[in-house]
There are 2 protein chains.
Amino acid sequence: MDVLPSWRDGALKRAILNFVDSVTDPNSACYVEPDKRLATFDHDGTLFVEKPLNAQITFVKDRLFNDDPEPRPATGNFFERLQTNFANWFDDIESDFKNITELAFRNVTPEQFRQASNSWIQTAVHPKFNRPYIDLVYKPMRELLSFLHKSQFDIYIVTGSSTDFIRPWSEQAYVIDNHHILGSSLKTDLEEDENGRLELVLEPLPFYFANGENKVRSIERLIAEQPIFAFGNSRGDIEMLRWAGRAENSFCGLVHHTDDIREYQYSPDPAIYLGDCTLDQAEKYQWQVVDMKNDWLEVF
Amino acid sequence: MDVLPSWRDGALKRAILNFVDSVTDPNSACYVEPDKRLATFDHDGTLFVEKPLNAQITFVKDRLFNDDPEPRPATGNFFERLQTNFANWFDDIESDFKNITELAFRNVTPEQFRQASNSWIQTAVHPKFNRPYIDLVYKPMRELLSFLHKSQFDIYIVTGSSTDFIRPWSEQAYVIDNHHILGSSLKTDLEEDENGRLELVLEPLPFYFANGENKVRSIERLIAEQPIFAFGNSRGDIEMLRWAGRAENSFCGLVHHTDDIREYQYSPDPAIYLGDCTLDQAEKYQWQVVDMKNDWLEVF
């Protein structure tokens with residue numbers, strides 16, 4: 001039975017199959033015990049469409065301009081500028097994050113945030129594919145996750161998106177337990193209501209942004225194991241791929257977005273490939289590159 | 001079969017058994033599905049001896065004065081003051097933490113820290129009980145953890161001690177998976193050696209101190225479920241117990257150290273019971289109090 005039916009037969013698919021064979025065959029010199037088979041995946045652009053705008057940012061945008069039933073505060077010029085050019089606001093996350101998050105998530109508990117995310121992902125329609133975002137998981141990557149699960153890998157999503165943005169639908173989209181999402185998070189306030197009941201609410205300040213070096217820190221702090229399989233697609237994944245590449249026998253993969261018909265073509269895109277180009281890194285560190293247009297028979 | 005043989009038959013033991021019965025019996029009005037049975041335990045003083053000095057602080061002290069093979073840097077007066085009155089240095093964690101951690105763990109990776117902790121806990125001998133620290137788990141609490149496991153509870157240790165201090169021996173001491181420790185942690189530096197290989201090393205700065213309100217934040221951020229069973233022993237556990245007490249049907253317990261012969265008697269101790277006394281809180285919030293001297297037939 002073909003375990004990766006949406007992957008074209010070729011060198012890349014063979015490399016994946018050979019690697020998994022080599023670490024799961026007890027007679028192989030590269031055999032790895034099941035409890036040491038750790039796989040880490042980036043989310044946006046690796047498992048899930050991230051264009052024309054990252055899903056969580058689109059979620060926040062929709063909430064600000066479409067969903068929120070409360071009237072806008074009189075922020076005047078700030079709110080108008082935000083509406084005109086929303087995407088650019090997140091270019092400078094440090095300075096704009098607080099204002100936007102405060103507008104979108106004031107007095108919201110983490111559980112309410114998760115419910116809002118889940119409701120949005122099931123219903124919001126993607127402008128190019130005309131289907132709900134929940135359907136925009138890459139089919140070949142779902143097959144890969146399933147294949148790794150069956151091969152007794154422990155799989156984590158390590159993402160710059162918020163843990164609580166992905167958590168409520170990770171089981172449905174990826175068959176990945178909601179505790180296996182290592183993402184970003186906001187600070188929280190512990191407040192006491194008039195009945196003395198404690199309540200946590202989100203603060204509009206980042207607690208942790210799980211990107212770049214912080215992906216490695218999250219893996220070490222929360223899993224404390226060496227990944228032997230990792231997949232990413234952008235600048236923010238370089239350190240995680242290099243970290244997985246430390247293992248004596250490892251597989252590191254990079255999704256290259258080369259398909260402007262079925263998905264998007266966006267490399268080199270300075271908005272994603274900041275500084276070092278990941279394709280150069282792929283060659284330097286011998287990562288396996290998925291050419292989406294040619295390696296995937298189906299995308300969704 | 002008695003599932004809690006080291007607990008004296010009485011009101012407290014009945015309260016535990018009745019609570020677990022009520023949430024696991026499908027015919028009970030208080031029935032809770034297995035995947036919602038979350039239990040959270042403090043560590044030091046609740047599962048494990050914390051006198052005469054907290055275990056992790058003793059570990060650091062031993063490392064500074066006994067174990068470290070490298071010569072001390074010429075810190076002169078600082079190091080002498082440290083040696084004279086070590087315990088008091090940690091009274092002001094903010095200001096002393098950096099100096100002490102830098103001395104004890106310079107150029108140490110998280111994995112080396114875990115190995116050092118595991119080696120210490122197996123061999124260092126407690127001054128009162130004259131046995132290795134690994135043996136100083138309270139036997140009644142081990143029985144309680146085992147009983148909750150069998151009753152399909154998901155159990156986490158939520159502790160001000162470092163996650164990586166407890167992680168390497170949590171399976172041995174508590175039959176708790178090393179990913180079920182939510183503790184404190186240090187910052188880390190991601191460095192590149194001359195071969196371009198990445199290495200994470202500890203920085204002598206706290207990243208997160210999981211005490212008090214931060215215990216609730218850790219539970220929400222990392223588990224994202226409501227605990228229905230919680231146990232603590234000190235000021236740093238009040239918020240966690242109140243958080244568990246939010247659940248419609250919950251059990252909140254407090255270990256009261258009343259046994260100066262078999263363990264220690266230290267309440268009210270201003271070093272532990274800062275500000276509000278947890279016994280007052282116990283009455284106010286209807287927490288169950290373990291009177292160690294009377295409720296435990298054996299301690300270790």
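Residues numbered from 1 in each chain as written. Chains lettered and ligands numbered in written order. Predicted model: local features only at pLDDT ≥ 70, side-chain atom pairs only at ≥ 80, totals over all residues. Heavy atoms only, no water.

K.L.:
What exactly am I supposed to notice about the relation of the copies chain B and chain A here?
P.N.:
Each of the two chain copies can be brought onto the other by rotation about an axis and movement along it. For the match of chain B to chain A, the screw axis carries a shift of 0.0 Å, the RMSD comes to 0.0 Å, and the turn is 180°. In short, the pair behaves as if placed about a two-fold rotation axis. Every residue of chain B has its C-alpha some distance from the rotation axis, and the shortest such distance is that of Leu222(B), at 4.7 Å. Both copies share a contact surface, since 100% of the interface residues of chain B are interface residues in chain A too. (Least-squares fit on C-alpha atoms with pLDDT ≥ 70 in both. Contact = heavy atoms within 4.5 Å.)

K.L.:
What am I meant to see in the packing of aromatic side chains here?
P.N.:
How two aromatic rings sit relative to each other is set out by the distance from centre to centre and by the angle between their planes. All names here are of chain A. Applying the stated criterion to the full structure yields 51 aromatic pairs over all chains. Between Phe-19 and Phe-229, the aromatic rings sit 5.9 Å apart at their centres with planes inclined by 50°, giving tilted as the arrangement. With Phe-19 in helix 1 (residues 11-24) and Phe-229 in strand 5 (residues 229-232), this pair connects stretches of sequence that are 210 residues apart. Each of the two residues, Phe-19 as well as Phe-229, counts as buried. Put simply, the rings of Phe-48, Phe-59, Phe-105, Phe-113, Trp-120, Tyr-133, Phe-165, Trp-169 and Tyr-174 touch in pairs and so form one group of aromatic residues. (Phe/Tyr/Trp six-rings, centres within 6.5 Å; stacked < 30°, edge-to-face > 60°. Helix = DSSP H or I, 4+ residues; strand = E, 2+ residues; numbered from the N terminus. Buried < 20%, exposed > 50% of the residue type's maximum accessible area, 1.4 Å probe, protein only.)

K.L.:
Please explain the packing of helix 10 (residues 213-223) of chain A against helix 11 (residues 238-245) of chain A as it appears in this structure.
P.N.:
Packed helices, taken two at a time, are described by their axes: the angle between them and the distance between them. Residues and elements named next belong to chain A. Put simply, helix 10 and helix 11 touch, their axes get as near as 6 Å, and they point 50° apart. By the criterion of interaxial angle, the relationship of helix 10 to helix 11 is oblique. Where helix 10 crosses over helix 11, the handedness of that crossing is right-handed. Along its contact with helix 10, which presents Glu-213, Lys-215, Val-216, Ile-219 and Glu-220, the element helix 11 presents Glu-239, Met-240 and Trp-243. When the residues that make up the contact of helix 10 with helix 11 are grouped by side-chain class, the tally is four nonpolar, no polar and four charged. (Axes fitted to C-alpha atoms, helices over the stretch in contact; angles between N-to-C directions. Parallel < 35°, antiparallel > 145°, perpendicular 65-115°, else oblique. Left-handed = near helix turned anticlockwise from the far one by under 90°. Nonpolar A, V, L, I, M, F, W, Y, C, P; charged D, E, K, R; others polar.)

K.L.:
Sorry, what's going on with the interface of chain B and chain A here?
P.N.:
The parts lose accessible area when they come together, and the size of an interface is often stated as this lost area. Taken together, the contact between chain B and chain A spans 30 residues of the former and 30 residues of the latter. Buried surface at the junction of chain B and chain A, both sides included, amounts to about 2900 Å², of which 51% is carbon and sulfur. The tally of links from chain B across to chain A stands at six salt bridges. Between Arg242(A) and Glu192(B) there is a salt bridge; the shortest N-O distance is 3.2 Å. For the pair chain B and chain A, the interface holds 18 residue pairs in polar contact (both at pLDDT 80 or more). Broken down by secondary-structure element, the contributors of at least two residues to the side of chain B that touches chain A are helix 6 (110-123), strand 3 (181-192), strand 4 (198-208), helix 10 (213-223) and helix 11 (238-244) of chain B. The element that contributes the greatest number of residues to the side of chain B that touches chain A is helix 10 of chain B, accounting for seven residues. Taken together, the residues that form the side of chain B that touches chain A break down as twelve nonpolar, four polar and 14 charged. (Buried area = accessible area lost by both parts, 1.4 Å probe. Salt bridge = Lys/Arg side-chain N within 4 Å of Asp/Glu carboxyl O. Polar contact = N/O pair within 3.5 Å; in protein donor to acceptor, adjacent residues only side chain to side chain.)

K.L.:
Would you explain the pairing of strand 3 (residues 181-192) of chain A in this entry?
P.N.:
Residue and element names in this part refer to chain A. As paired elements, strand 2 (residues 154-162) and strand 3 share three bridges and run parallel to each other. Across the sheet, residue Ile-157 finds its bridge partner in strand 3, namely Ile-181. Here strand 3 folds back onto strand 4 (residues 198-208) in antiparallel fashion, the turn holding five residues, of which Gly-196 has a positive phi close to 75°. (Pairing = 2+ DSSP bridges.)

K.L.:
Looking at this model, I keep getting lost on unusual backbone geometry. Mind explaining?
P.N.:
Generally, phi is negative for residues other than glycine and the peptide bonds are trans, each holding for most cases. All names here are of chain A. Note that the residue after Lys-51, namely Pro-52, is joined by a cis bond; omega there is 0°. Among the structural elements, Pro-52 can be located in the loop between strand 1 (38-41) and helix 2 (55-67). In the Ramachandran plot, Gln-152 falls in the positive-phi region, its phi being about 65° despite a non-glycine side chain. Residue position: Gln-152 is located in the loop between helix 7 (139-150) and strand 2. Even without being a glycine, Gln-286 presents a positive backbone phi close to 60°. The residue Gln-286 is located in the loop between helix 12 (278-285) and strand 7 (288-291) in this model. On the basis of relative accessible area, Gln-286 is assigned to the exposed category, the value being 71%.

K.L.:
What is the right way to read the sheet that holds strand 5 (residues 229-232) of chain B from this model?
P.N.:
Working definition: the strands of a sheet are paired by backbone hydrogen bonds and lie parallel or antiparallel to each other. All names here are of chain B. Across the sheet, which stays open at both edges, the seven strands sit in the order 4-3-2-1-5-6-7 with mixed pairing between neighbours. Looking at which strands have only one partner, the edges of the open sheet turn out to be strand 4 and strand 7 (288-291). For this sheet the average axis-to-axis angle between neighbouring strands, irrespective of direction, equals 30°. Of the strand pairs in this sheet, strand 1 (residues 38-41) and strand 5 are connected by three bridges, and their pairing is parallel. The residue bridging Ala-39 from the neighbouring strand is Phe-229, located in strand 5.

K.L.:
What is the right way to read the packing of helix 1 (residues 11-24) of chain B against helix 7 (residues 139-150) of chain B from this model?
P.N.:
Residue and element names in this part refer to chain B. Relative orientation of the contacting elements helix 1 and helix 7 amounts to 15°, with a least axis distance of 11 Å. Classified by the angle their axes make, helix 1 and helix 7 are roughly parallel. Handedness of the crossing formed by helix 1 with helix 7: right-handed. Here Ile-16, Leu-17 and Val-20 of helix 1 lie close against helix 7, whose contacting residues are Leu-144, Phe-147 and Leu-148. Of the residues that constitute the contact of helix 1 with helix 7, the class distribution is six nonpolar, no polar and no charged.

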